[in-house]
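# Per-entry structural report
Residues per chain, in single letters:
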Amino acid sequence: MFSSCQERLLDEMVVYSNDFSSLDLTSINSDQGLVSYNGRNVLGFFNNEGFTLTLNELPPHNMVKINVELYIHNFWNGNSPGVEGPDIWKMEVDEEIIVNTTFANTTCASTYCQYQSFPENTIRNFPPKTGADKIDLPGLFDQANNNGLTSKYTITKIINHGDKSILLKCYDELRQENVPVPREDESWSVGEIIVSVLNVR
C-alpha cells in the first residue's frame, strides 16, 4: 500500500463519504444527477461525460486515499479499436491522471475476446470483468431485465498529497459510432465516493 516497507500509517481520517442516499451533491459538479439503479441512488448515467469533487480545508496530511464504487453498464468493448472502442475510463487528482484504463462488459468466446486493461492502466489485455466485485447485476434501458450486463468495481488509489484542497475528476472516453443512442449502449455510474487523508511516516 505504501512505497516503502519502512513506512507506517500514523492516522487516517475520512474527510468525505457519500453513498447518495441523502441526495446530497454538495461539492460535486456533474454532467448528470442522481438516478435510481437496482434499488439505490447512483450518480450518472454518464456517456462521454463525468463529474468533479472539490474538497477544501483538509486537515494536515501527506497522503490521500480515494475509493470510488464504479458501475459499468451494458456493452463496453474494452480495448477493441474502431467504431466501438476503445472504451476508456479515467480518474484525475489535481489534474494528474491516476487511472487511465478500459473496461469490457462482454463474454469471451473461444475464437474472439474483447479484452480490457483494468486492473492496470492502458494498454494491457485482461479478460472482460477482471477485478470486478460483482458481474451479475442488471443492465440499463432495454437491458434492464438482463442480469450480467452491469459490473461493479471498487477503484482504490492512495497517492502522495499534502495540499489543503483536492480536486477529483472522473470521466470517460467512450466510442460507439454504430448505435443510434450511445448512452443506452454504454454508460457508467458511481454508487459511493470515500476520500480519506493519511499521515504516513
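So, here is what we can say about the structure in this document. (Residues numbered from 1 in each chain as written. Predicted model: local features only at pLDDT ≥ 70, side-chain atom pairs only at ≥ 80, totals over all residues. Heavy atoms only, no water.)

Attention now moves to the side chain of Ser-196. Considering the arrangement of structural elements, one finds Ser-196 in strand E12 (residues 186–200). Ser-196 sits in the buried class, given a relative accessible area of 2%. (Helix = DSSP H or I, 4+ residues; strand = E, 2+ residues; numbered from the N terminus. Buried < 20%, exposed > 50% of the residue type's maximum accessible area, 1.4 Å probe, protein only.)

This paragraph deals with the environment of Asn-121. Looking at where Asn-121 falls in the secondary structure, it is placed in the loop between strand E8 (96–102) and strand E9 (134–138). The contacts of Asn-121, once residues within four sequence positions are left out, are Ile-98, Val-99, Asn-100 and Thr-101. Polar contacts involving the side chain of Asn-121 include one to the main-chain carbonyl oxygen of Ile-98, which spans 3.5 Å. Of note is the side chain of Asn-121, whose polar atom sits 3.0 Å from the backbone nitrogen of Asn-100. (Contact = heavy atoms within 4.5 Å. Polar contact = N/O pair within 3.5 Å; in protein donor to acceptor, adjacent residues only side chain to side chain.)

All right, on to the state of the cysteines then. In the structure shown here, the tally under the stated rule is one disulfide. Put simply, Cys-108 and Cys-113 are joined by a disulfide, and their sulfur atoms are 1.6 Å apart. By relative accessible area, Cys-113 is classed as buried at 16%. (Disulfide = S-S within 2.5 Å.)

Turning next to the packing of aromatic side chains. Aromatic ring pairs are described here by two measures, namely the spacing of the ring centres and the angle between the planes. A complete count under the given rule lists 10 aromatic pairs for this structure. Measuring from ring centre to ring centre gives 6.3 Å for Phe-51 and Trp-188, while their planes differ by 45°; the resulting arrangement is tilted. Here Phe-51 is found in strand E5 (residues 50–55), whereas its partner Trp-188 is found in strand E12, with 137 residues between them in sequence. Across the pair, exposure class does not vary: Phe-51 and Trp-188 are buried alike. When the ring of Trp-89 is compared with that of Trp-188, the centres are 5.8 Å apart and the planes differ by 90°; the resulting orientation is edge-to-face. A residue pair is termed long-range when its members are at least 10 positions apart, and Trp-89 in strand E7 (residues 88–93) and Trp-188 in strand E12 qualify at 99 residues. In this pair, the class of Trp-89 matches that of Trp-188, namely buried. Three or more aromatic residues joined by ring pairs form one cluster here, namely Phe-46, Phe-51, Trp-89 and Trp-188. When the ring centre of Tyr-171 is taken as reference, the NZ or CZ atom of Lys-169 above it lies at 4.8 Å. (Phe/Tyr/Trp six-rings, centres within 6.5 Å; stacked < 30°, edge-to-face > 60°. Lys NZ or Arg CZ within 6 Å of the ring centre and 35° of its normal.)

Keep in mind these values describe shape, not function.
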